[in-house]
Amino acid sequence: MSAYSVNPKPTLTLLLNEWMNEYCVFSLCSQDSGSETHRIAPSPVVHVRGLCESVVEADLVEALEKFGNICYVMMMPFKRQALVEFEEVQSADRCVACGSQEPVYIAGQQAYFNYSTSKRITRPTNADDPNSGNKVLLLSIQNPLYPITTDVLYTVCNPIGNVLRIVIFKRNGIQAMVEYPSDDNAQKAKAALNGADIYAGCCTLKIEYARPSRLNVIRNDNDSWDYTKPFLLRRERGKGRQRQAILGEHPSSYSDNGYGSHCPLLPLPSNNRFKRSSHDVLEVVTYPLPQTSSYMSHASSSVAMVSGLHPAKMNCTRIFNLFCLYGNIEKVKFMKSVPGTALVEMGDEYAVDRAITHLNSIKVFSKRLNVCVSKQQAVIPSQVYELEDGSSSYKDFAMTRNNRFSSAGQASKNIIQPPSCVLHFYNVPPCISEDDLQRLCTEHDVPGFIKYKVFDAKPSSKTISGLLEFDSKTHAVEVLTVLNHYQIRIPSDCILFCVKLNLTVTITEYPNGFHYKYHYKPPTFNH
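Residues numbered from 1 in each chain as written. Predicted model: local features only at pLDDT ≥ 70, side-chain atom pairs only at ≥ 80, totals over all residues. Heavy atoms only, no water.

Per an unreviewed UniProt entry, the recorded name for the protein chain is RRM domain-containing protein, and the organism is Cyprinus carpio carpio.

Structure below.
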């Protein structure tokens, strides 16, 4: 068997540089792999593209190990690409040459190969030993639309080998460490799960080897669990909280966490290569969301801390306009002692999780936001001062009608979307034209849109809705931040319209008009 289990997570800067190099090469090269192999110098690292969405690391190893021993695999699931590092450059030569002469299939779909611009996939820890592994895995959960708890990860990881300990943390998005009894168990888990979706179309796993060789768990709850020490179970403030059953009953109605009904987990590889036995686990398991009453410690606080705010262009109202897409906003306060930083008290800890997932690291007014969980349990209106634009540094939004998660009916209409270059507008008076909306963008010093589509409305409708496409995600987010809930008064009718904006999937223009480009199925809500 190939010794392809190696070192831990690359640093963010090195990882981004590696991905960017591969993307630039991919953009310049043609789809015909035979015409592009001469463009890049031979390297033991092969860039693989054209992968199917369901491919995992084990599929690449199974298809490519015939060319030589594989040291390391780095998945790029959202690009449907991967980097594969062979022990010898001759193995990479055979892989690229074979791919240029005849179809090579990975998980049933033809893939395309070229040399990578990198001579080695970046692995900062244990860099001198390319074949070293670790029994602790670092899991990065990308696009986590549903709650990620120790029970969820145990359900996913334990069928491959006995899980000893799990720790979940939320610094930059949602990550977790999972400890196995041996390096071999961790290697098999990484191969079977790297690149897979926990739930269909979301919660994608990107797995590396972690730095620590053992996890230290001090309590058993939704964010950490030591399965070798059941006595660490902690009761929740006298509520008699017991350990959440992995396959317990799912909530029958909308709950306060703001998530929809449970989704099926994707199956493990069908050939049972990495299962302990066929009767140990179902081929497809379903993880139901826990009841709200037993799920209170999912996040440590319902307050988010946001730094990197533009001092002149961001205020409490604009923060509300952006964050209200992911949950109710109670209060917003800028911190006088830390310029460009604000505390946002949201309706619950799940709203904070969603905001961190989708808004952390995005750019707004040329500043990159950093969104994390605050140690504060509530926002206190102290040290109120005047911001650069003359508005107050503190504002209470608890009673505003613009909160979108105040009831089950309201919440069911919200589609949780990451930032995209397309905005959905609605509640706009019919007399407002495309030119009027462009003028509105110009007057408020935000980028204009490049495509406009208005939906057909019923004859009795008093408002219109449609789509606006921008040059980039950043432009769309800036427009949403400034113009969401902008009020338009029609003098002839004495009616005040509150313009609503929301993020949506991208659109593509075809000869017969605009069409949605489907990204993933958003969660549904029971009510």
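**Considerations on the sheet that holds strand S8 (residues 174-179)**
Reading across the sheet, the six strands line up as S9-S10-S6-S8-S7-S11 and stay open at both edges, with antiparallel pairing between neighbours. On the outer flanks of this sheet lie strand S9 (197-199) and strand S11 (224-226), each paired with one strand and no other. Going across the sheet, the axis of each strand differs from the next one's by a mean of 25 degrees, ignoring polarity. The sheet contact formed by S9 and strand S10 (residues 202-209) spans two bridges and is antiparallel. Each residue of the ladder has a partner; that of Asp197, found in S10, is Thr204. (Pairing = 2+ DSSP bridges. Helix = DSSP H or I, 4+ residues; strand = E, 2+ residues; numbered from the N terminus. Axes fitted to C-alpha atoms, helices over the stretch in contact; angles between N-to-C directions.)

**Describing the pairing of strand S21 (residues 464-469)**
Across the six residues of S21, six count as buried, placing the element largely inside the fold. As paired strands, strand S19 (residues 422-428) and S21 are joined by five bridges and run antiparallel to one another. Bridge pairing links Leu423 to Leu468 in S21. In terms of strand pairing, strand S20 (residues 451-454) meets S21 through four bridges, oriented antiparallel. What sits directly across from Lys451, in S21, is Glu469. (Buried < 20%, exposed > 50% of the residue type's maximum accessible area, 1.4 Å probe, protein only.)

**Here we look at the packing of helix H6 (residues 316-323) against helix H10 (residues 473-483)**
Orientation of H6 relative to H10, taken along the N-to-C sense of each, is 120 degrees, at an axis distance of 7 Å. When the interaxial angle is binned, H6 and H10 end up oblique. The two elements H6 and H10 cross, and the hand of that crossing is right-handed. When H6 is examined against H10, the residues Arg318, Asn321 and Leu322 are found in contact with a partner set consisting of Val477, Leu480, Thr481 and Val482. For the contact of H6 with H10, the per-class residue count stands at four nonpolar, two polar and one charged. (Parallel < 35°, antiparallel > 145°, perpendicular 65-115°, else oblique. Left-handed = near helix turned anticlockwise from the far one by under 90°. Contact = heavy atoms within 4.5 Å. Nonpolar A, V, L, I, M, F, W, Y, C, P; charged D, E, K, R; others polar.)

**Remarks on the nonpolar core**
By size, the foremost hydrophobic cluster in this structure holds 90 residues, and its most contacted members are Leu139, Ile148, Ile198, Ile319, Phe323 and Ile329. If you tally residues by element for this core, the top one is H10, at six residues. When sequence neighbours within four positions are dropped, the list of residues in contact with Leu139 reads Leu153, Cys157, Ile174, Gln175, Ala176, Val178, Leu205, Lys206 and Ile207. (Core = buried A, V, L, I, M, F, W, Y, C linked by side-chain atoms within 4.5 Å.)

**Description of helix H7 (residues 349-359)**
Taking burial as the measure, the eleven residues of H7 include eleven buried ones, the bulk of the element. All buried positions along H7 are accounted for by Glu349, Tyr350, Ala351, Val352, Asp353, Arg354, Ala355, Ile356, Thr357, His358 and Leu359. Residues of H7 that are buried sit in contact with S8, strand S12 (303-307), H6, strand S14 (341-346) and strand S17 (370-373). Where H7 begins, one side-chain oxygen reaches toward the backbone nitrogen of Tyr350, 3.1 Å away; that side chain belongs to Asp348. Positioned one or two residues after H7, Ser361 has a phi angle of 80 degrees, which is positive. (Polar contact = N/O pair within 3.5 Å; in protein donor to acceptor, adjacent residues only side chain to side chain.)

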